[in-house]
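Each chain, written out:
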Amino acid sequence: MSEEVVIHKGLDNVIIDESRLSLVNGAEGKLIYAGYKIEDLAEHALYEEVVYLLWNNRLPTSTELESLRAEIAAGAEVPASVMAMVQQFPKESDPMAVLRTAVSALALYDPDANDSSPEANRRKAARMTGQVTTLTAAWPRIRKGLAPVAPRKDFNLAQNFMYMLNETEPEVNAVNAVNAFMVLLTEHGMNASTFVGRATTSTKSDMHSAIVSAVGTLKGPLHGGANTEAMRMFLEIGEVANVAPWFDQKVKKGGGKIMGIGHRVYKAYDPRAAVLRDRAEKLARASGNGKWFDIADSLANLALADEYFIERKLYPNVDYYSAIVLYTLGLEVDMFTPLFAMSRMAGWTAHIMEQTANNRLMRPDVVYTGAVDLPWVALADRK
Ligand code: ACO
């Protein structure tokens, strides 16, 4: 290999473009969406307000917010043919595989599917943001043999999610928690799924294809799948008294990873994890079952005090305490990653629109390390 070649394995620190969507300051543990601190948005903003911010680079007026809320709610209905198809899927399917397949099918019924003009992309972004929420709420019902519930036009997305999941009037504390989770998870710079969504867009493929790529990428346990894996780990630990022996056996002696800890960019406490830790504790205490929060928190404290984790600057990431929030809300563990996907829709679609507006085909390179100029060997002569 020539000496000048620098391989950016894992694309670490490779800057692919400019973006106005979010600033991830990994050294200081800060996250800003289009100018606004994540802590303020999680505290005060409706998810749709953040959607507007990402799509328009400014906060909406109350009329603009109501118009977007109504547009998303009206477009959230999933075509009957797609819902019928989802009802045929094997009940034991991975929910992320269900979502990936269903998003792909949505394209077949979308009037704007192959139109990537700014107007069509904006319409699709609103529709798909609602439809992915509807699909996420529908699958846990469908696999139990229950009928999916249609979205209500007077609800915001967090309300609609809880309503479509349980078919009951959504409870305000649960809605607030889902809304804050969605706000915190919706955008995060050039993470793997967003990058892949932009790469798909860069070929001038359509928005549905880009979202299918992004959903498939988020599915991995090193990315969005970590919230599910973190909860499985807390359940395996089972009791607060087991935390220290588990840490010793599985991590210190076994060399295993703690899921929901560590991040490619954050070398300080993930600001989303700080907000979610607070939410998780309040929700868990209010539910009368603080055990899972206590297990998560004692494990995090052991890691935060451990030389190995300190040296490598490993802190809880967004997936760690969000697992406790979602579990306390009664969500099934394998549904955590689809909830991440439905929340990320505003960010993904914003990036797709940004990429479309100023596109260049993405085409990185690799250093070839194979043989060259081998003599051809006829099939009959190969051993
Ligand atoms: N537990 C124990 N050790 C860890 C952990 C962890 N969770 N994460 C990283 N390390 C160690 C690695 O073994 C490595 O050690 P070494 O230097 O002795 O080889 C060192 O810390 C650096 O880790 P890398 O995996 O090289 O760092 P990278 O930037 O590639 O990884 C990642 C980031 C993939 C998130 C990693 O921390 C991890 O696997 N965490 C668990 C999975 C997870 O929580 N993913 C969600 C990320 S957030 C998101 O996508 C929404």
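Everything numeric here is computed off the predicted structure, so don't read it as measured data.

Undergrad: Go over the environment of Leu-299, please, and point to the residues and values.
TA: Relative to the assigned elements, Leu-299 resides in helix H14 (residues 291-304). Assessed through its relative accessible area of 0%, Leu-299 is described here as buried.

Undergrad: Hey, could you go over the packing of aromatic side chains for me, with residue numbers and the actual values?
TA: Under the counting rule described, the total for this entry stands at eight aromatic pairs. Considering the side-chain rings of Phe-234 and Tyr-320, the 5.1 Å spacing of their centres and the 90° angle between planes classify their relative orientation as edge-to-face. Of this pair, Phe-234 sits in helix H11 (residues 226-237) while Tyr-320 sits in helix H16 (residues 318-328), placing them 86 residues apart in sequence. Each member of the pair, Phe-234 together with Tyr-320, is buried. Counting every residue linked through ring pairs, the aromatic cluster contains Phe-234, Phe-293, Tyr-320 and Tyr-321. Above the face of the Tyr-308 ring, Arg-312 is positioned so that its terminal group lies 3.7 Å from the ring centre.

Undergrad: So what's going on with the site of the ligand? Residues and values would help.
TA: Around the ligand, the structure places 20 residues, and the nearest of them are Lys-257, Ile-258, Gly-260, Ile-261 and Arg-264. Within the side chain of Tyr-308, an N or O atom sits 3.3 Å from an oxygen atom of the ligand. Within the side chain of Asn-317, one N or O atom sits 2.9 Å away from an oxygen atom of the ligand. The fraction of the free accessible surface of the ligand (910 Å²) that becomes covered by protein chains is 73%. Looking at the shell around the ligand, the elements that each hand over two or more residues are helix H15 (307-311) and H16. Residue assignment places the shell around the ligand across two domains, with domain 1 (17-222 + 334-357) and domain 2 (226-328) each supplying three or more.

Undergrad: Talk me through a nonpolar patch on the surface; I want residue IDs and the actual numbers.
TA: On the surface, Leu-11, Val-14, Ile-16 and Met-190 cluster together into a nonpolar patch covering about 280 Å² of accessible area. Among the structural elements, Leu-11 can be located in the segment before strand S1 (22-25).

Undergrad: How would you sum up the environment of Met-233? Please name residues and give values.
TA: Mapped onto the elements of the fold, Met-233 is located in helix H11. Look at Met-233 and you get buried, because its relative accessible area is 6%. The spatial distance from the C-alpha of Met-233 to the C-alpha of Met-259 is 7.5 Å, given a sequence separation of 26 residues. When sequence neighbours within four positions are dropped, the list of residues in contact with Met-233 reads Trp-246, Ile-258, Met-259, Leu-299 and Tyr-320.

Undergrad: Tell me about the sheet that holds strand S2 (residues 30-33), and please be specific about residues and values.
TA: Sheets are built from strands that pair by backbone hydrogen bonding, the pairs being arranged parallel or antiparallel. Strand order across the open sheet formed by three strands is S1-S2-S3, with antiparallel pairing between neighbours. In this open sheet, the two strands that pair with only one neighbour each are S1 and strand S3 (36-37).

Undergrad: Outline the domain arrangement of the protein, supporting the account with residue identities and numerical values.
TA: Assigned domains within the protein: domain 1 (17-222 + 334-357) and domain 2 (226-328). Spacing between the C-alpha centres of domain 1 and domain 2 amounts to 26 Å. Each side of the interface is counted separately: domain 1 has 28 residues, and domain 2 has 26 residues. Both sides together, the interface formed by domain 1 and domain 2 hides about 2,000 Å², and carbon and sulfur atoms give 70% of it. It is Phe-181, Leu-184 and Phe-336 in domain 1 that bury the most area against domain 2; as a group they hold 30% of the surface buried on that side. Here domain 1 and domain 2 share zero salt bridges between them. Taken together, the connections running from domain 1 to domain 2 amount to seven residue pairs in polar contact (both at pLDDT 80 or more).

Rules of the game
Residues numbered from 1 in each chain as written. Predicted model: local features only at pLDDT ≥ 70, side-chain atom pairs only at ≥ 80, totals over all residues. Heavy atoms only, no water. Helix = DSSP H or I, 4+ residues; strand = E, 2+ residues; numbered from the N terminus. Buried < 20%, exposed > 50% of the residue type's maximum accessible area, 1.4 Å probe, protein only. Phe/Tyr/Trp six-rings, centres within 6.5 Å; stacked < 30°, edge-to-face > 60°. Lys NZ or Arg CZ within 6 Å of the ring centre and 35° of its normal. Near = heavy atom within 4 Å. Polar contact = N/O pair within 3.5 Å; in protein donor to acceptor, adjacent residues only side chain to side chain. Areas by Shrake-Rupley, 256 points an atom, 1.4 Å probe, with all protein chains shown as cover. Domains from an automatic or database assignment. Patch = residues over 30% accessible without salt bridge, like charges linked within 9 Å, V, L, I, M, F, W, Y side chains within 5 Å. Salt bridge = Lys/Arg side-chain N within 4 Å of Asp/Glu carboxyl O. Contact = heavy atoms within 4.5 Å. Pairing = 2+ DSSP bridges. Buried area = accessible area lost by both parts, 1.4 Å probe.

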